[in-house]
Amino acid sequence: MIALLFMGCDDQRAPAPPEIAPVQRASAPANVTEQAWIPREEPLDACAVRLRATLAGELASALDDLGYDLVAETCRSLAAVRDQHPEACDALNTSPLRRTCRTRLAILHAAPSACPPARTLPGRDPICLAWASGDVGLCRGASPFLRTRCRAVLRNEPALCRARTESDRDACEAEVTRFAPTVSPRATGSEPAEPSETEAEGADSPRGSIAGIAALLFEGRVQRRQEPDEPEEEPFAVRAEVDRGVYLDTEGCSWLVRIGARRGVLDDRAVSRVKLIVPAEAESTLTLEVDAGATVELDRDVRSPTWVAVDGRVHLPHFEARRGAILTGRVTAMFRHAGERYTMRSRFRTYVRDLAEMNPACRESPAPETAE
């Protein structure tokens, strides 16, 4: 009782502050298109004067308190987009502004090569690539949660903006308003007809729509070589998701292609990976030997080291270094592990999500020799 009276008399704590409802972040004004934000010609000083004149006093004061001239940075970003200078985007002071500057430049000028790097994949940002290319099929490269937003903009259909929360749906609809008038005209005819069942299952034909394929996989079977009197052993499966496509990197004057990826430690499936070295001039059927142009690796389980094939080949019915190109292949590889020999037969069907810039000198034909 004494303690209770003591606390009641001497408790001088300040009352709790009133709760403030969280402010929803808006991605863009709902009635503004992207083109409206890019002035035709305007000096940087005039741009800064115009933007500062439209700022509310509280916001202008807060920006001054931060000690960062966001107005000047915004004007430099607008000029970089207008003048198609990706290097000027890269010179901005903050990474979010650098990314959005490159994204807007790529989309407005249909320049996918200007897109910023992807955050979790090799190559450029998948949504930027799809919008800058006007190709709805390239939306497969985005994470599953963002694919609907990517397609809604390209098809100019805000009704597609299904999302987990109301704020996500509002952001998606704002992006449709903002970007669709620019990218949708380029998307006309970019989505081919649905592929046949044979194509969807991984046939060698490169035809078919990326957007229409239900599953793009690398899958097959691995079988231990057995003696004639041994009981037949059940082969184990290898499988790797390649739904988000592959990136064609460069190595000298060749394309470096990695198909499949290392799995997480919680995944109990065996996973195979193939690394291909394809000459820059290759645009047709190829067969790459494991000891020359291809490397095949296999993770049997997380407790064993990776197996590397000692013999085998990868057959590519068609290879084309182009964004959106369907890439199919068959793999036969022989492994030696713990004194045993294993054979893997598998196939993959994926597509080119993005590619690096090949050195132009790699494609130049050698000058003809002249007779003396």
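What you see is a predicted model, and the numbers here were worked out from it, not measured in a lab.

Each value, and the rule that gives it
- Residues numbered from 1 in each chain as written.
- Predicted model: local features only at pLDDT ≥ 70, side-chain atom pairs only at ≥ 80, totals over all residues.
- Heavy atoms only, no water.
- Helix = DSSP H or I, 4+ residues; strand = E, 2+ residues; numbered from the N terminus.
- Buried < 20%, exposed > 50% of the residue type's maximum accessible area, 1.4 Å probe, protein only.
- Areas by Shrake-Rupley, 256 points an atom, 1.4 Å probe, with all protein chains shown as cover.
- Contact = heavy atoms within 4.5 Å.
- Phe/Tyr/Trp six-rings, centres within 6.5 Å; stacked < 30°, edge-to-face > 60°.
- Salt bridge = Lys/Arg side-chain N within 4 Å of Asp/Glu carboxyl O.
- Pairing = 2+ DSSP bridges.
- Disulfide = S-S within 2.5 Å.
- Core = buried A, V, L, I, M, F, W, Y, C linked by side-chain atoms within 4.5 Å.
- Axes fitted to C-alpha atoms, helices over the stretch in contact; angles between N-to-C directions.
- Parallel < 35°, antiparallel > 145°, perpendicular 65-115°, else oblique.
- Left-handed = near helix turned anticlockwise from the far one by under 90°.
- Nonpolar A, V, L, I, M, F, W, Y, C, P; charged D, E, K, R; others polar.
- pLDDT = per-residue confidence, 0-100.
- Polar contact = N/O pair within 3.5 Å; in protein donor to acceptor, adjacent residues only side chain to side chain.

1. Quick notes on the overall build of the protein
1) Next: Within the protein, the regular secondary structure consists of 10 helices and 11 strands.
2) Next: With 372 residues in all, the protein has 44% of them scored as buried.
3) Next: Put simply, the protein shows about 21,400 Å² of open surface, and 52% of that area lies on carbon and sulfur atoms.

2. Some words on helix 3 (residues 57–66)
1) Next: In terms of burial, helix 3 is a largely surface element, 1 of the 10 residues being buried.
2) Next: Of the residues flanking the end of helix 3, it is Gly67, one or two places downstream, whose phi is positive at about 70°.

3. Focus: the side chain of Arg149
1) Next: Residue placement: Arg149 occurs in helix 8 (residues 144–155).
2) Next: On the basis of relative accessible area, Arg149 is assigned to the buried category, the value being 19%.
3) Next: Sequence-distant contacts of Arg149, that is, excluding residues within four places in its chain, are made with Trp131, Asp168, Ala171, Cys172 and Glu175.

4. A word on the packing of aromatic side chains
Geometrically, a pair of aromatic rings is defined through the distance of the ring centres and the angle of the planes.
1) Next: This model, assessed by the stated rule, comprises 3 aromatic pairs.
2) Next: With a centroid separation of 5.2 Å and 35° between ring planes, the pair formed by Trp131 and Phe179 is classed as tilted. Placement of the pair is Trp131 in helix 7 (residues 126–133) and Phe179 in helix 9 (residues 166–187), with a sequence separation of 48 residues.
3) Next: When its relative accessible area of 4% is taken as the criterion, Trp131 is described as buried.
4) Next: For Phe179, a relative accessible area of 5% puts it in the buried group.

5. Points about the pattern of salt bridges
1) Next: The final tally for this structure, using the stated rule, is 16 salt bridges.
2) Next: A salt bridge links Asp83 to Arg82, with the shortest nitrogen-to-oxygen separation between them at 3.0 Å.
3) Next: Take Arg82: its relative accessible area is 17%, and that puts it in the buried class.
4) Next: One network of salt bridges, with partners in common, ties together Arg124, Arg323, Asp354 and Glu357.

6. Things to note about the pairing of strand 6 (residues 286–289)
1) Next: Residue alternation in strand 6 divides its side chains into a buried set, Leu286 and Leu288, and an unburied set, Thr287 and Glu289.
2) Next: Pairing between strand 6 and strand 9 (residues 311–316): 4 bridges, direction antiparallel. Each residue of the ladder has a partner; that of Leu286, found in strand 9, is Leu316.

7. Observations regarding the state of the cysteines
1) Next: Following the criterion strictly, the structure yields 6 disulfides and no others.
2) Next: The disulfide bridge from Cys139 ends at Cys150, spanning 2.0 Å between sulfur atoms. Classification of the bridge connecting Cys139 and Cys150 rests on its S-S torsion, roughly -75°, and on that basis the disulfide is left-handed. Highlighted residues: Cys139 in the loop between helix 7 and helix 8 and Cys150 in helix 8, separated in sequence by 11 residues.
3) Next: In this structure Cys139 comes out as buried when scored by relative accessible area, which is 0%.

8. Focus: the nonpolar core
1) Next: Formed by 41 residues in total, the largest nonpolar core has its most connected members in Val257, Leu276, Val278, Val296, Leu316 and Phe319.
2) Next: In terms of residue count, the dominant contributor to this core is strand 11 (residues 340–355) (5 residues).
3) Next: Apart from residues lying up to four places away in sequence, Leu276 is in contact with Trp255, Leu256, Val257, Ile259, Leu288, Gly293, Ala294, Val314 and Leu316.
4) Next: Residues Ala130, Leu160, Cys161 and Phe179 belong to the second largest nonpolar core, which totals 21 residues.

9. So, the packing of helix 6 (residues 95–108) against helix 7
1) Next: Running from N to C, helix 6 and helix 7 cross one another at 25°; their axes reach a closest spacing of 7 Å. As far as their axial angle goes, helix 7 and helix 6 are roughly parallel. Pair helix 6 / helix 7 crosses with right-handed handedness. Of helix 7, the residues touching helix 6 (which contributes Thr103, Ala106 and Ile107) are Cys128, Trp131 and Ala132.
2) Next: Tallied by class, residues from the contact of helix 6 with helix 7 come to 5 nonpolar, 1 polar and no charged.

10. Section: the confidence of the model for the protein
1) Next: For the protein, the average pLDDT comes to 78, and 72% of its residues sit at 70 or higher.
2) Next: Here helix 10 (residues 197–200) is the element of the protein with the lowest mean pLDDT, 37, and helix 5 (residues 86–90) is the one with the highest, 96.
3) Next: In the predicted structure, residues 1–7 sits below a pLDDT of 50 and forms 0 contacts with residues beyond four places in sequence or in another chain.
4) Next: Confidence drops under pLDDT 50 across residues 20–27; counting only partners more than four residues distant or on other chains, this segment forms 5 contacts.

11. Topic: helix 7
1) Next: Within helix 7, 7 of the 8 residues are buried, which leaves the element mostly enclosed by the surrounding structure.
2) Next: Taken together, the buried positions of helix 7 are occupied by Pro126, Ile127, Cys128, Leu129, Ala130, Trp131 and Ala132.
3) Next: Where helix 7 begins, the capping side chain belongs to Asp125, and its oxygen is found 3.3 Å from the backbone nitrogen of Ile127.

12. Some details on the packing of helix 7 against helix 8
1) Next: Orientation of helix 7 relative to helix 8, taken along the N-to-C sense of each, is 15°, at an axis distance of 10 Å. In terms of orientation, helix 7 lies roughly parallel with respect to helix 8. Of the two elements, helix 7 crosses helix 8, and the hand of that crossing is right-handed. On helix 8, the residues touching Ile127, Ala130 and Trp131 of helix 7 are Leu146, Arg149, Cys150, Val153 and Leu154.
2) Next: Looking at the contact of helix 7 with helix 8 residue by residue, the class counts come to 7 nonpolar, no polar and 1 charged.

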